[in-house]
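# Close look at the chain arrangement
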Amino acid sequence: MDFSVFEEHESCVRSYCRKFPAVLKSSKGAIIKDVDGKEYIDFFCGAGALNYGHNPDEIKKKLIEYIEGDGILHALDMYTEAKGNFISKFQKDILEPRGLGDYKIMFPGPTGTNAVEAALKLARKAKKRNTVVGLMGAFHGMTLGALALTCDKESRLGAGVMLNDVLHIPAPYMFPELDTVKYLETLITDDHSGTPKPAAVILETTQAEGGIEVFPVDYLKRMRELCDKYDMLLIVDDIQIGCGRTGTFFSFERAGIKPDIFVLSKSIGGCGLPMSLTIYKPELDIWSPGEHNGTFRGNQLAFVAATAAVDMYNGMKLDERVKAGEKIISDFLENEIKPLDSRIEVRGIGYIWGIDFSALGEDVTPRVIHECFDRGLIAESAGRKNAVLKLMPALITDEETLKKGLGIIKDSIKAVLG
Ligand SMILES: Cc1ncc(COP(=O)(O)O)c(C=O)c1O
């Protein structure tokens, strides 16, 4: 395979291509093919952008119809039929049944970090306070506002400016003996804490980039109560783990809580098309027209795909499929992977799982990723020192492919551990 065009002309900032050195050409369902015809089972799924798999027929058909009918492709944030259809479907089939029917839907710009920026701006504007609390280990995006709440050192080094107006507290898994909700309450109430009252708390209910750390239901409920008690907003970042990844459409459903603001991106665009949403309680709808503007706040193809994706999610009962698949994955990790070495830890929920090699040394995960890739499987790393192998199959992956992918992972680990 010839990579010279990329290596000579593309910026050094390129990243995933270094780990997965192939020139990709086509894809279907859970499978990607490169220009040489080699197939890869996709356990990375565009970092969560391909929950419905590659080129799903249900979505592709609607996109082709739309393009062939000369459907409008760009319209800023003007009213279009495609946007109207998406809003109606999402409102009726996703928000309403979950008691979120009165929440406002904002289109902030096409990427996840755009949605986070909008959420942060809105929270600060609504509460007239500048501090936002984030959790250590979090990832919220790479633009400056979101980056201030993103924790990994490497990402933050690129900022070039001070990353201010944030306060990081330990995530619940970091010090099991420390009540981190109580700790935050003390920071807010102690007049000697040296901490200004925050506008909001932002969190992922399962940290993905943080190393697949599933937050306990009780923690999420208590954080909701704390925010209510001290008039702070709770923002949930569902960008990577929303759209069914954890077994429910929104990840916070399992805790029975409602955030004040939540953000979605990645798989909401159906088949990898760029789209983001910042969704919030109606009383927070205090923007003036155009106050958070942008040229690409209405990708019409993404609206078409996203509308079809909602039908796919409900029609295929993907929540039930994920529950069944979750058992296959967790049983495999418990019975086939953990026995390979007593120092291996596994954790996860739904269709996002981590195999933690921290205790085995820093080079193990990259070597396992390399072995997997050679054997025809794409999976990424996450967590501190990138020591966690992250498994994120498409929600539509059939049982045979799921098991084949897990088998490749087992063989790869065995090859690395000798
Ligand atoms: C939880 C979370 N928030 C925000 C983002 C940023 O999204 P984007 O890369 O589309 O800007 C990501 C991306 O991985 C993410 O995982």
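Reading the values: rules and limits
- Throughout this document, residue positions are counted from 1 along each chain, in the order its sequence is written.
- For this predicted model, a pLDDT threshold of at least 70 governs which residues receive local features, and a threshold of 80 or more governs which side-chain atom pairs are given and counted, while totals over whole chains, interfaces and linings are taken from all residues.
- Side-chain metrics rest on all non-hydrogen atoms present in the structure, leaving aside hydrogens and water.
- Where helices are involved, their axes are fitted lines through C-alpha atoms of the stretch in contact, as for all axes, and angles between N-to-C directions lie from 0 to 180°.
- Helix and strand assignments follow DSSP, with helices taken as H or I runs no shorter than four residues and strands as E runs no shorter than two, numbered in order from the N terminus.
- Any angle that is under 35 degrees is reported as roughly parallel, and any over 145 degrees as roughly antiparallel; angles of 65 to 115 degrees are reported as roughly perpendicular and all others as oblique.
- Left-handed describes a crossing whose near helix is turned anticlockwise from the far helix through less than a right angle; right-handed describes the clockwise counterpart.
- Any pair of residues with heavy atoms lying within 4.5 Å of one another is described as a contacting pair.
- Polar here means any residue outside two lists: the nonpolar Ala, Val, Leu, Ile, Met, Phe, Trp, Tyr, Cys and Pro, and the charged Asp, Glu, Lys and Arg; Gly therefore counts as polar.
- Patch members must show over 30% relative accessible area and no salt bridge, and they are joined within 9 Å when carrying like charges or within 5 Å when they are nonpolar side chains of Val, Leu, Ile, Met, Phe, Trp or Tyr.
- Exposure was quantified through the Shrake-Rupley algorithm and a 1.4 Å probe, taking into account, for residues, occlusion by the shown protein chains and nothing else.
- One speaks of a salt bridge when a side-chain nitrogen belonging to Lys or Arg is within 4 Å of a carboxyl oxygen belonging to Asp or Glu.
- Here a pair means two rings of Phe, Tyr or Trp (six-membered ring of Trp) with centres within 6.5 Å. Their orientation is stacked below 30 degrees between planes, edge-to-face above 60, and tilted elsewhere.
- Burial here depends on accessible area, computed with a 1.4 Å probe over protein chains only, as a share of the maximum for the residue type. Under 20% is buried, over 50% is exposed, and the range in between is partly exposed.
- In this scheme, the term charge over a ring applies when either NZ of a lysine or CZ of an arginine sits within 6 Å of the ring centre and within 35 degrees of the ring normal.
- In this text, near means that some heavy atom of the residue lies within 4 Å of the molecule or strand in question.
- N or O atoms closer than or at 3.5 Å make up a polar contact, with two conditions inside protein: a donor-capable atom paired with an acceptor-capable one, and, for residues adjacent in sequence, both atoms drawn from side chains.
- Throughout, the protein atoms alone are placed on a 1 Å grid, and a set of points is a cavity if a 1.4 Å probe fits but cannot get out or a pocket if it is open with protein on both sides within 12 Å along at least five of seven lines; lining residues have an atom within 4 Å of a point.
- Grid points are joined across faces, edges and corners, and a volume is the space filled by probe spheres set on the points.

Moving on: the packing of helix 5 (residues 81–95) against helix 11 (residues 300–315). The N-to-C vectors of helix 5 and helix 11 enclose an angle of 25°; their axes lie 8 Å apart at closest approach. By the angle class used here, helix 5 and helix 11 are roughly parallel. Here the hand of the crossing between helix 5 and helix 11 comes out left-handed. Packed against helix 5, whose contacting residues are Ala-82, Lys-83, Asn-85, Phe-86, Lys-89, Phe-90, Asp-93 and Ile-94, the element helix 11 presents Gln-300, Phe-303, Val-304, Ala-306, Thr-307, Val-310, Asp-311 and Asn-314 at the interface. When the residues that make up the contact of helix 5 with helix 11 are grouped by side-chain class, the tally is 8 nonpolar, 4 polar and 4 charged.

Before going further, it helps to examine a nonpolar patch on the surface. Taken together, the side chains of Phe-175, Leu-178 and Tyr-183 make up a nonpolar region of the molecular surface, amounting to roughly 250 Å² of accessible area. Residue placement: Leu-178 occurs in the loop between strand 6 (166–169) and helix 9 (180–189).

This part takes up the packing of aromatic side chains. Under the counting rule described, the total for this entry stands at 18 aromatic pairs. An angle of 80° between the planes, with centres 5.5 Å apart, marks the rings of Phe-215 and Tyr-219 as edge-to-face. Note on accessibility: Phe-215 and Tyr-219 belong to one class, buried. Arranged with centres 5.3 Å apart and planes meeting at 5°, the rings of Phe-250 and Phe-252 form a pair that is stacked. Residue classification places Phe-250 among the buried residues on the basis of a relative accessible area of 0%. Cluster of aromatic residues (ring-pair linked, three or more members): Phe-86, Phe-90, Tyr-103, Phe-107, Phe-249, Phe-250, Phe-252, Phe-262, Phe-303 and Tyr-313. When the ring centre of Phe-373 is taken as origin, the NZ or CZ atom of Lys-38, which lies over that ring, is 5.6 Å away.

Another point: the site of the ligand. The ligand sits among Thr-111, Gly-112, Thr-113, Phe-139, His-140, Gly-141, Glu-204, Asp-237, Ile-239, Gln-240 and Lys-266. Between the ligand and Phe-139, the relevant distance is 3.5 Å, taken from a nitrogen atom to a main-chain nitrogen or oxygen of the residue. Side-chain polar atom of Lys-266 to an oxygen atom of the ligand: 2.9 Å apart, as the coordinates give it. The fraction of the free accessible surface of the ligand (380 Å²) that becomes covered by protein chains is 82%. Each residue belonging to the shell around the ligand can be placed in one class, and the counts come to 2 nonpolar, 6 polar and 3 charged.

This paragraph deals with the pattern of salt bridges. Across all of its chains, the model carries 28 salt bridges by this definition. When the shortest N-O distance is used, the salt bridge between Asp-231 and Lys-127 registers 2.7 Å. Taken together, the positions of Asp-231 in the loop between helix 10 (217–229) and strand 10 (233–237) and Lys-127 in helix 6 (residues 112–127) put the pair 104 residues apart, joining distant regions of the chain. Judged by its relative accessible area of 38%, Asp-231 falls in the partly exposed class. Through salt bridges with shared partners, one network takes in Lys-89, Lys-92, Asp-93 and Asp-311.

Before going further, it helps to examine the packing of helix 13 (residues 364–375) against helix 14 (residues 399–417). Two elements in contact, helix 13 and helix 14, have axes whose closest approach is 8 Å; the angle formed by their N-to-C orientations is 130°. Between helix 13 and helix 14, the crossing angle belongs to the class labelled oblique. Every pair of crossing elements has a handedness; the one defined by helix 13 and helix 14 is right-handed. Residue-level contacts link Val-364, Arg-367, Val-368, Glu-371, Cys-372 and Arg-375 of helix 13 to Ile-408, Ile-409, Asp-411, Ser-412, Ile-413, Ala-415, Val-416 and Leu-417 of helix 14. When grouped by side-chain class, the residues that make up the contact of helix 13 with helix 14 number 9 nonpolar, 1 polar and 4 charged.

With that settled, consider empty space enclosed by the protein. This model, assessed by the stated rule, comprises 1 cavity of 30 Å³ or more. Taken together, Phe-107, Pro-108, Gly-109, Pro-110, Pro-274, Met-275, Ser-276, Phe-296, Arg-297, Gly-298, Asn-299 and Phe-303 make up the full set of residues lining the largest cavity.

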